[in-house]
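So you can see what is in the structure, the chains are spelled out below.
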2 protein chains.
Amino acid sequence: MNRAKITLADIAETAGVSPATVSRVLNGDPRVSPERVTRVNEAISELGYSPNRAARTLVTGKTGLIAAVIDSNLNVFSDPFWGQITTGISQALQEANFQALLMVRPLDVEDPSVVASLAPGQVDGAIFFQLHNDDTVNLLQDMGLPLVVVGRPEESSKLTYVDSDNFGGAHQATKHLIDRGCKAIATVAGDQQLSSGRLRLDGYRKALAESGIGFDESRVAYGDWTDVGGEQAMRTLIESNPSIDGVFVANDLMALGAMSVLEEQGRNIPEDVAVVGFDNMFAGRLGRQQLTTIEQDVQGLGAKAAAMVIRMIDGERPKSVVLPTRLIVRDTA
Amino acid sequence: MNRAKITLADIAETAGVSPATVSRVLNGDPRVSPERVTRVNEAISELGYSPNRAARTLVTGKTGLIAAVIDSNLNVFSDPFWGQITTGISQALQEANFQALLMVRPLDVEDPSVVASLAPGQVDGAIFFQLHNDDTVNLLQDMGLPLVVVGRPEESSKLTYVDSDNFGGAHQATKHLIDRGCKAIATVAGDQQLSSGRLRLDGYRKALAESGIGFDESRVAYGDWTDVGGEQAMRTLIESNPSIDGVFVANDLMALGAMSVLEEQGRNIPEDVAVVGFDNMFAGRLGRQQLTTIEQDVQGLGAKAAAMVIRMIDGERPKSVVLPTRLIVRDTA
DNA sequence: TGTCATCCTGAAAGCGTTTTCACGGGCCTT
DNA sequence: AAGGCCCGTGAAAACGCTTTCAGGATGACA
């Protein structure tokens, strides 16, 4: 149909008005006579016109683009969540008439190409995913780029972030084990380099402390978020603490490994040892038992981040947000 | 540093050349004297200049953007793959100096906003993910948009696609069961609305036929790709065919359900019944046994699609591609 | 009835690039 | 030694839109 590209000028001509008026109609300027508005709108739908983004960007300085920047190094960890997060982002952005630019890049080294792609004028804002190294992000922020981090940056950082309540979730999980009657509660903690790893361990400690249970360092083992890591950690734990009757595992993948070790050792779950995970990664069945775990609102994380970056573009300074988690009780605790 | 945005004209001035020359240097035009090239390059890095995309787009008509359009209705199915696919796409595009625009939209109804976002001049090309309804895609293709579909469209379609070898993979899987000595081989097939569902069933039939094993309709049960669906299908199967000693399940999630039913019935895997899945969704352990399955090169799918759409933009007409799959033998068969 | 504010409209400038075109100088032909 | 070519360069137009500015018409007010 619209073979040759038609421009605003074409609309102006067929509607018998000036280009300026067409532009005003396009942008909802109220001071155009109703009669002309309809004339213009007719011409638009008749010719099947849609405005040229580049031209608009050139004059307004707004690109309508928001970058979602994902550290390609954290693939393993976030794999199952990408779909949900990106869905959340994409939908929230679309409602505000923004487009999402997807960038998967190594973020641990300072990458000039990333910076160039996000320099002022290239995008209106950016959403970064949890990273080990804040340097690039801080640089960009100093350059005036509105940005939000998903996941928690370093404590001292001035970055705006959205995060799940890792601390609260771990607290809920551990509390659940306590309420269930567990007396000797261990934990398989995650990578302490990551804030999520630290916060989930802190939540565990807090719950113990609240219930007057002393913290015992020997009941903490560290894994690397993988099932194999969970396996190893669980072996360590059960060797040094054969009497444990409950364990909070900092993510579901490690819980998978931990449970296989428990089964192998002949411990019944949850009768002998109760297990709570984190992430709700496996919505359905998992082997014979369904894992009791902490659910994060992953899609909400994306949607919230998008909403916040849009507010920043509008000149506001939104506060960082921590999204609540939810305990899902299933078979293992 | 670069507070006020600096333009090509600024570079021209500090380098003491004309804007035209700067532009030529930027675009690698060979007919600029080496001496000026260095002068310009110095000015560029000194001022920290990067060209304005919008202005460039406006004059060249190329946006440098390729849309990755994902049907929001197929979340469940593709969830764990998104990360890999998008990584593949993003990296391949970046190497060719394109940016990936992410659009998660319902694609089953014809959505004017999708069409508008992809109209000529908005993006240079698009990659669509497997869909139930080709209408929107065909429309866009007719409008001259270079596009590639990931997953296989309807047989009659003229669309260019990239797909995993569903047929070949299913054939491999079934063949493996036969080679293993299984005599009564059933299958849990997927949704026959989807090409992947049909092709995986066809591959199963082909392998049986090749080995002179008759096809028995009662040995086919249909699931909906979910673990629960796999469970139900397996129950049906085992009821009507108690003697089966091998089963090819059309995806890993259903295999999960199927295996739990087998265990529940007291059948040992793989001694009594061998199981092969499809997707290699669970890289690690899965309950007590690791699933023998067919691996697809998901990231390759994304990379290939990106490469193809770029070739189409360059005016070529690449052929559709089917990527090979690989049998991964583990515990269950 | 005269003055002023108000409203709607169009002309034109400008956003930052690329690209065509013309021009001058050097080199290679003859 | 003269003509023609090619090579490197800059001037200027063009891309499609928004927005400022000014002007004409209308209505309100005194």
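Conventions and cut-offs
Residues numbered from 1 in each chain as written. Chains lettered and ligands numbered in written order. Predicted model: local features only at pLDDT ≥ 70, side-chain atom pairs only at ≥ 80, totals over all residues. Heavy atoms only, no water. Helix = DSSP H or I, 4+ residues; strand = E, 2+ residues; numbered from the N terminus. Rg over C-alpha atoms; globule rule 2.2 N^0.38 Å. Buried < 20%, exposed > 50% of the residue type's maximum accessible area, 1.4 Å probe, protein only. Contact = heavy atoms within 4.5 Å. Areas by Shrake-Rupley, 256 points an atom, 1.4 Å probe, with all protein chains shown as cover. Pairing = 2+ DSSP bridges. Axes fitted to C-alpha atoms, helices over the stretch in contact; angles between N-to-C directions. Core = buried A, V, L, I, M, F, W, Y, C linked by side-chain atoms within 4.5 Å. Phe/Tyr/Trp six-rings, centres within 6.5 Å; stacked < 30°, edge-to-face > 60°. Lys NZ or Arg CZ within 6 Å of the ring centre and 35° of its normal. Near = heavy atom within 4 Å. Polar contact = N/O pair within 3.5 Å; in protein donor to acceptor, adjacent residues only side chain to side chain. Buried area = accessible area lost by both parts, 1.4 Å probe. Domains from an automatic or database assignment. Least-squares fit on C-alpha atoms with pLDDT ≥ 70 in both. Parallel < 35°, antiparallel > 145°, perpendicular 65-115°, else oblique. Left-handed = near helix turned anticlockwise from the far one by under 90°. Nonpolar A, V, L, I, M, F, W, Y, C, P; charged D, E, K, R; others polar. Right-handed = clockwise from strand over helix to strand, strands pointing away. Expected span 1.5 Å × (residues − 1).

Draft legend 1. Fine view of the overall build of chain A. What chain A contains, in helices and strands, is 13 helices and 12 strands. Relative to the globule expectation of 20 Å for 333 residues, the C-alpha radius of gyration of chain A, 26 Å, shows a markedly less compact shape. Principal axes of the C-alpha set define a box for chain A whose edges measure 85 × 40 × 35 Å. Put simply, chain A has 333 residues, and 56% of those count as buried. A separation of at least 24 residues holds for 70% of the contacts in chain A among residues at least 6 apart in sequence. In the structure as shown, chain A presents an accessible area of about 14100 Å², 50% of it carried by carbon and sulfur atoms.

Draft legend 2. Main features of the sheet that holds strand 9 (residues 274-276) of chain A. Residue and element names in this part refer to chain A. A sheet is described by the order of its strands in space; here four strands give the open sequence 7-6-8-9, paired in parallel fashion. Of all strands in the sheet, those with a lone pairing partner are strand 7 (220-222) and strand 9, marking the two edges. Averaged over all adjacent pairs, the angle separating strand axes in this sheet is 20°, with direction ignored. Against the sheet, helix 10 (residues 195-210) touches strand 6 (185-189), strand 7 and strand 8 (246-249), its axis set at about 170° to strand 6.

Draft legend 3. Inspection of the nonpolar core at higher detail. Ranked by internal contacts, the top residues of the largest apolar core, which has 58 residues, are A:Ile127 and B:Ile127. Grouped together as the second largest cluster of nonpolar side chains are 44 residues, A:Phe128, B:Met103, B:Met143 and B:Leu159 included.

Draft legend 4. Here's a closer look at the packing of aromatic side chains. For the coordinates displayed, the defined rule picks out four aromatic pairs over all chains. In this structure, A:Arg205 packs its charged tip against the face of A:Phe215, placed 4.0 Å from the ring centre.

Draft legend 5. Highlighting the protein's contact with DNA strand C. For DNA strand C, the set of nearby residues contains 25 residues, the closest of which are A:Thr21, A:Arg24, A:Arg36, B:Leu8 and B:Ser23. Counting only atoms of DNA strand C within 4 Å of the protein, the sugar-phosphate share comes to 66%. Listing elements by their share of the surface near DNA strand C, those giving two or more residues are helix 2 (19-26) and helix 4 (53-60) of chain A together with helix 2 (19-26) and helix 4 (53-60) of chain B. If one sorts the elements of the surface near DNA strand C by residue count, helix 4 of chain B sits on top with four residues.

Draft legend 6. Structural view of the environment of B:His171. Residues and elements named next belong to chain B. For His171, the position within the fold is in helix 8 (residues 166-179). For His171 and Val114, which are 57 residues apart along the polypeptide, the C-alpha to C-alpha distance reads 37 Å. Polar side-chain contacts of His171 include one of 2.8 Å to the side chain of Glu210.

Draft legend 7. Molecular detail of the environment of B:Gly16. Assignment of secondary structure puts B:Gly16 in the loop between helix 1 (8-15) and helix 2. In this structure, the C-alpha to C-alpha distance between B:Gly16 and B:Ser164, residues 148 residues apart in sequence, is 55 Å.

Draft legend 8. Summary view of the interface of chain B and chain A. On the side of chain A, 45 residues touch chain B, which itself brings 44 residues to the contact. Carbon and sulfur atoms supply 52% of the area that chain B and chain A bury against each other, a total of about 4000 Å² over both sides. Linking chain B to chain A there are six residue pairs in polar contact (both at pLDDT 80 or more). Of all the elements in the fold, those that place two or more residues in the side of chain B that touches chain A are helix 4, helix 5 (75-95), strand 2 (99-105), helix 6 (112-118), helix 10 (227-240) and helix 11 (252-264) of chain B.

Draft legend 9. How the structure looks around the domain arrangement of chain A. What the domain assignment reports for chain A is domain 1 (8-51), domain 2 (65-164 + 299-323) and domain 3 (166-295). On a C-alpha basis, the centres of domain 1 of chain A and domain 3 of chain A stand 63 Å from each other.

Draft legend 10. Broad picture of the relation of the copies chain B and chain A. Mapping chain B onto chain A calls for a screw motion: a turn of 180° about the axis and a shift of 0.1 Å along it, with 0.1 Å RMSD after fitting. When the rotation and shift are considered jointly, the pair of chain copies conforms to a two-fold rotation axis. Residue by residue, 100% of the interface of chain B is reproduced at the interface of chain A, so both copies engage with the same surface.

Draft legend 11. Expanded view of the packing of helix 9 (residues 166-179) of chain A against helix 10 of chain A. Residue and element names in this part refer to chain A. Following both chains from N to C, one finds helix 9 and helix 10 inclined at 40°, their axes separated by 7 Å at the closest point. Classified by the angle their axes make, helix 9 and helix 10 are oblique. Of the two elements, helix 9 crosses helix 10, and the hand of that crossing is right-handed. Along its contact with helix 9, which presents Asn166, Phe167, Ala170, His171, Thr174, Lys175 and Ile178, the element helix 10 presents Ser196, Leu199, Arg200, Asp202, Gly203, Tyr204, Lys206, Ala207, Leu208 and Glu210. Here the contact of helix 9 with helix 10 is built from residues that sort into seven nonpolar, five polar and five charged.

Draft legend 12. Broad picture of the pairing of strand 4 (residues 147-150) of chain A. All names here are of chain A. Burial along strand 4 is two-sided: the residues Leu147 and Val149 and Val148 and Val150 are all buried. Two elements, strand 3 (residues 125-129) and strand 4, share four bridges in a ladder whose sense is parallel. Its bridge partner lying in strand 4, Ala126 is registered against Leu147. You can see the chain leave strand 3, run along helix 8 (residues 135-142) and come back into strand 4, and the turn it takes is right-handed. Direction of pairing for strand 4 relative to strand 5 (residues 161-164): parallel, over a ladder of two bridges.

Draft legend 13. Focus on the packing of helix 2 of chain A against helix 3 (residues 34-47) of chain A. All names here are of chain A. Orientation of helix 2 relative to helix 3, taken along the N-to-C sense of each, is 85°, at an axis distance of 10 Å. In terms of orientation, helix 2 and helix 3 fall into the roughly perpendicular class. Of the residues in helix 3, those touching helix 2 at Val22, Val25 and Leu26 are Val37, Val40, Asn41 and Ile44. By residue class, the composition of the contact of helix 2 with helix 3 is six nonpolar, one polar and no charged.

Draft legend 14. Examining helix 13 (residues 298-313) of chain A more closely. Residue and element names in this part refer to chain A. Compared with the 22 Å implied by 1.5 Å per residue over 16 residues, the 23 Å span of helix 13 between its first and last C-alpha is a close match. Against the buried residues of helix 13 lie strand 1 (65-71), helix 6 (82-95), strand 3, strand 4, strand 5 and strand 11 (321-323). Within two residues after helix 13, Gly315 carries a phi angle of roughly 95°, on the positive side.

Draft legend 15. Quick peek at the sheet that holds strand 11 of chain A. The strand order across the open sheet built from 12 strands is 11(A)-5(A)-4(A)-3(A)-1(A)-2(A)-2(B)-1(B)-3(B)-4(B)-5(B)-11(B), with neighbouring strands paired in mixed fashion. Looking at which strands have only one partner, the edges of the open sheet turn out to be strand 11 of chain A together with strand 11 (321-323) of chain B. Neighbour-to-neighbour, the strand axes of this sheet turn through a mean angle of 20°, independent of strand direction. As defined by bridge partners, strand 5 of chain A adjoins strand 11 of chain A across three bridges and the pair is classed as parallel.

Draft legend 16. Fine view of the protein's contact with DNA strand D. For DNA strand D, the set of nearby residues contains 25 residues, the closest of which are A:Leu8, A:Tyr49, B:Thr21, B:Arg24 and B:Arg36. In DNA strand D, atoms within 4 Å of the protein come from the sugar-phosphate backbone in 68% of cases. A distance of 2.4 Å separates a phosphate oxygen of DNA strand D from a polar side-chain atom of A:Tyr49. Secondary structure elements with two or more residues in the surface near DNA strand D: helix 2 and helix 4 of chain A together with helix 2 and helix 4 of chain B. For the surface near DNA strand D, the leading source of residues is helix 4 of chain A, giving four residues. Tallied by class, residues from the surface near DNA strand D come to 11 nonpolar, eight polar and six charged.

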